[in-house]
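Descriptive analysis of the structure
Here is what each chain is made of, one letter per residue.
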Amino acid sequence: MSILIGDIAPDFTAQTTEGEIRFHDYIDGHWAVLFSHPKNYTPVCTTELGYTAKLKPEFEKRDVKVLGLSVDKLEDHAGWAKDIEETQGAALNFPLIADDGTIARLYDMIHPNADDSLTVRSVFVIGPDKKVKLKIEYPASTGRNFDEILRVIDSLQLTAKHQVATPVNWENGDDVIIVPAVTNEQAKEKFPEGWNELRPYLRMVKQPGA
Ligand code: BEZ
């Protein structure tokens, strides 16, 4: 059964480049990103892992723990990590799971109509409550945009903290939307500087904390 937004992310134990990890313990009240790679020693994956390593300070700023997954053996991860460092200018600095296919199947990362052995490029963002907040899938041939993943995490964290939603093409610092569940009475307390009411259901407000 596929995992949907709002579900508890299934727990698992994994062998990784940083030792054995039990997923729910690894999350431990933080945000997490779990993302899959079709295979070691493939070109697109190499660029994605290098770029994600470069983004580590950005993930840390947002209290996000990153975890990659490839259905390959741990000893193969070590050789690939060397290539990533040499070609991308950044060494792996987060755990990479050596999966035998068990976790990939648990998270529906293998799509038999695309390829019955390689994973697609899945991304799960998981909240401190261990619930799935975002799920995206890309085909193997298209590298993901990890800046977009950071953008979504910013949006998710604003919603969790301030009960605001983010409009189309929102970027950090742009105005946001007061969620419909917040009444005007409650909004007066939360946003004492006021808001721009374009419609009763469309209330724009300055991004809290911006
Ligand atoms: C890659 O990771 O580079 C890749 C994997 C499968 C198909 C195409 C590209």
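A brief structural summary. All residue numbers here refer to positions counted from 1 along the written sequence of the relevant chain. It should be noted that, the model being predicted, local features are given only for residues of pLDDT at least 70 and side-chain atom pairs only at 80 or more, the latter also being counted only at that level, while totals for whole chains, interfaces and linings use all residues. Side-chain numbers come from the whole structure's heavy atoms, not from hydrogens or water.

1. Observations concerning the overall build of the protein chain
The helix and strand inventory of the protein chain stands at seven helices and 11 strands. Only protein chains enter the area calculation, which uses a 1.4 Å probe; residues under 20% of their type maximum are buried, those over 50% are exposed, and those in between are partly exposed. Looking at the protein chain as a whole, 43% of its 210 residues qualify as buried. Counting contacts in the protein chain only where the partners sit at least 6 residues apart, residues at least 24 apart contribute 66% of the total. In the protein chain, 23 positive and 33 negative side-chain charges are present, and the distance between their average locations comes to 4 Å. Runs of H or I in DSSP of at least four residues are treated as helices and runs of E of at least two as strands, each being numbered from the N terminus. Contact between two residues is taken to exist if any of their heavy atoms lie within 4.5 Å; hydrogens are not considered. Residues scored as positive are Lys and Arg, those scored as negative are Asp and Glu, and His as well as the terminal groups of each chain are ignored. Note on charges: their place is set at NZ of Lys, CZ of Arg, CG of Asp or CD of Glu.

2. Topic: the sheet that holds strand E10 (residues 196-199)
For two strands to be treated as a pair, DSSP must find at least two bridges joining them. Ordered in space as E8-E9-E11-E10, the four strands form an open sheet in which the pairing is antiparallel. Only two strands of the sheet have a single partner each, and these edge strands are strand E8 (164-165) and E10. Taken together, the two bridges between E8 and strand E9 (residues 176-178) define a ladder with antiparallel strand orientation. When the bridges of E9 are listed, Ala165 appears paired with Ile177.

3. Observations regarding the pairing of strand E11 (residues 202-205)
Judged from the two bridges that link them, E9 and E11 form a sheet pairing that is antiparallel. Each bridged residue has a counterpart across the sheet, and for Ile177 the counterpart in E11 is Met204. Where E10 meets E11, three bridges bridge the pair, whose relative direction is antiparallel. Looking at E11, one finds that Arg199 is bridged to Leu202.

4. Structural notes on the site of the ligand
Here, proximity means that at least one heavy atom of the residue falls within 4 Å of the molecule or strand. The environment of the ligand is formed by Thr42, Pro43, Val44, Cys45, Arg121 and Ala140. In protein, a polar contact requires one atom able to donate a hydrogen and another able to accept it; more generally it is a pair of N or O atoms within 3.5 Å, and residues adjacent in sequence count only if both atoms are side-chain atoms. In this structure, Thr42 approaches the ligand through a side-chain N or O atom, which is 3.0 Å from an oxygen atom. Within the backbone of Cys45, a nitrogen or oxygen atom sits 3.3 Å from an oxygen atom of the ligand. Only the protein chains shown count as covering a residue, and every accessible area follows the Shrake-Rupley method with a 1.4 Å probe. Coverage of the ligand by the protein amounts to 74% of the 260 Å² it exposes when considered alone. With three residues, the single largest contributor to the shell around the ligand is helix H2 (residues 43-54). Residue composition of the shell around the ligand, by class: four nonpolar, one polar and one charged. Classes in brief: Ala, Val, Leu, Ile, Met, Phe, Trp, Tyr, Cys and Pro nonpolar; Asp, Glu, Lys and Arg charged; the others, Gly included, polar.

5. Side note on the environment of Phe94
Note that Phe94 resides in the loop between helix H4 (74-88) and strand E5 (96-98). The spacing of Phe94 and Ala104 is 10 residues in sequence and 18 Å in space, taken between C-alpha atoms. Sequence-distant contacts of Phe94, that is, excluding residues within four places in its chain, are made with Thr17, Glu18, Phe35, Leu49, Thr52, Ala53, Val66 and Gly68.

6. Some remarks on the nonpolar core
Only buried residues count toward a nonpolar core. Its members are Ala, Val, Leu, Ile, Met, Phe, Trp, Tyr and Cys residues joined through side-chain atoms within 4.5 Å. Core analysis: the biggest nonpolar cluster contains 26 residues, and Val33, Phe35, Leu49, Phe59 and Val125 have the highest contact counts within it. Elements supplying a minimum of two residues to this core: strand E3 (31-37), H2, strand E4 (64-70), H4, strand E6 (121-126) and helix H6 (146-162). It is H6 that provides the largest number of residues to this core, a total of six residues. Ignoring anything within four residues of it in the chain, the contact list for Phe35 reads Leu49, Thr52, Val66, Leu67, Gly68, Leu69, Phe94, Ser122, Val123, Arg144 and Phe146. Formed by 21 residues, the second largest nonpolar core is a distinct cluster that contains Phe12, Ile21, Ile97 and Tyr107.

7. Section: the packing of H2 against H4
Think of each axis as a best-fit line through the C-alpha atoms, taken over the contacting stretch in the case of a helix, with angles from 0 to 180 degrees between the N-to-C directions. Packing of H2 against H4 leaves a shortest axis separation of 9 Å and a crossing angle of 75°. Considered as vectors, H2 and H4 are oriented roughly perpendicular to each other. The residues of H4 that touch H2, namely those facing Cys45, Thr46, Thr47, Leu49, Gly50 and Lys54, are Trp80, Ile84, Thr87 and Gln88. In terms of residue class, the contact of H2 with H4 is made up of four nonpolar, five polar and one charged. Roughly parallel refers to an angle under 35 degrees, roughly antiparallel to one over 145, roughly perpendicular to one between 65 and 115, and oblique to any angle outside these ranges.

8. Overview of the pattern of salt bridges
The rule for a salt bridge is simple: a side-chain nitrogen of Lys or Arg has to be within 4 Å of a carboxyl oxygen of Asp or Glu. Going through the model one piece at a time under the given rule, you end up with 11 salt bridges. With a closest N to O distance of 2.6 Å, Arg144 and Glu48 form a salt bridge. Placement of the pair is Arg144 in the loop between strand E7 (132-138) and H6 and Glu48 in helix H2, with a sequence separation of 96 residues. One salt bridge in this structure joins Lys82 and Glu86, with 3.5 Å as the shortest N-O distance. Of this pair, Lys82 and Glu86 both sit in helix H4, four residues apart, which is roughly one turn of that helix. For the pair Lys82 and Glu86, a shared accessibility class is recorded, and that class is exposed. Each of Glu58, Lys61, Arg62 and Asp154 takes part in one network of salt bridges that share partners.

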